[in-house]
Amino acid sequence: MKKLIIAASVCSLLSIAQLGFAQAVQEGKAAKKEMKAEKKVAKAIEYKHEASTHKGLEVKGISDPKTRMAKADRKMEKAEKKEMKGEAKELKAVAKAKTKKAAGVD
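Notes on the structure in this doc start here. (Residues numbered from 1 in each chain as written. Predicted model: local features only at pLDDT ≥ 70, side-chain atom pairs only at ≥ 80, totals over all residues. Heavy atoms only, no water.)

Once that is clear, we can look at the overall build of the chain. In terms of helices and strands, the chain carries two helices and zero strands. By the burial criterion, 15% of the 106 residues in the chain qualify as buried. Partitioning the intrachain contacts of the chain with sequence separation of at least 6 by distance along the chain shows that 73% fall at a separation of at least 24. For the chain, the exposed area adds up to about 8,200 Å²; of that, 64% sits on carbon and sulfur atoms. (Helix = DSSP H or I, 4+ residues; strand = E, 2+ residues; numbered from the N terminus. Buried < 20%, exposed > 50% of the residue type's maximum accessible area, 1.4 Å probe, protein only. Contact = heavy atoms within 4.5 Å. Areas by Shrake-Rupley, 256 points an atom, 1.4 Å probe, with all protein chains shown as cover.)

Here you go:
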């Protein structure tokens, strides 16, 4: 009987820990997306700077300043997309927490 009570209490503790862990995972994913977005923004700014100053790697006939600026713009668009995904992950984590609180799972 004692073992059964201990096993039940361990299972309940693990299930509670699992809920908190899922919340932390969502927040971790959001932070990771934000970091990736920051890296992409930095890279896009670097590309724009190189294109405007004619520095960096430039292949004659292929990578003129116009195409290099277009590459920087694409990089910036991807960075904005990553930022939106990060914000979506944060909102998802908040929504999960509110849903659990409303259901009385906490």
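To continue, consider the environment of Lys89. Here Lys89 shows up in helix 2 (residues 65-103). Residue Lys89 is classed as partly exposed on the basis of its relative accessible area of 21%. For the pair formed by Lys89 and Ala31, sequence separation is 58 residues and the distance between their alpha carbons is 8.8 Å. In this structure, Lys89 is in contact with Gln26, Lys29 and Ala30, ignoring residues within four places of it in sequence.

Time to look at a positive patch on the surface. Taken together, the side chains of Lys43, Lys71, Arg74, Lys78, Lys81 and Lys85 present a region of like positive charge at the surface. When residues in the positive patch are grouped by element, the largest group, five residues, is from helix 2. With respect to the helices and strands, Lys85 occurs in helix 2. Relative accessible area serves as the criterion here: at 38%, Lys85 is assigned to the partly exposed category. (Patch = residues over 30% accessible without salt bridge, like charges linked within 9 Å, V, L, I, M, F, W, Y side chains within 5 Å. Salt bridge = Lys/Arg side-chain N within 4 Å of Asp/Glu carboxyl O. Lys, Arg positive; Asp, Glu negative; His and termini not counted. Charge placed at Lys NZ, Arg CZ, Asp CG, Glu CD.)

Secondary-structure assignment places Glu83 in helix 2. Note: C-alpha distance between Glu83 and Lys40 (43 residues apart in sequence) is 9.9 Å. In contact with Glu83, not counting residues within four places along its chain, are Glu34, Ala37 and Val41.

Tracing the backbone shows Thr67 in helix 2. You can call Thr67 partly exposed: its relative accessible area is 37%.

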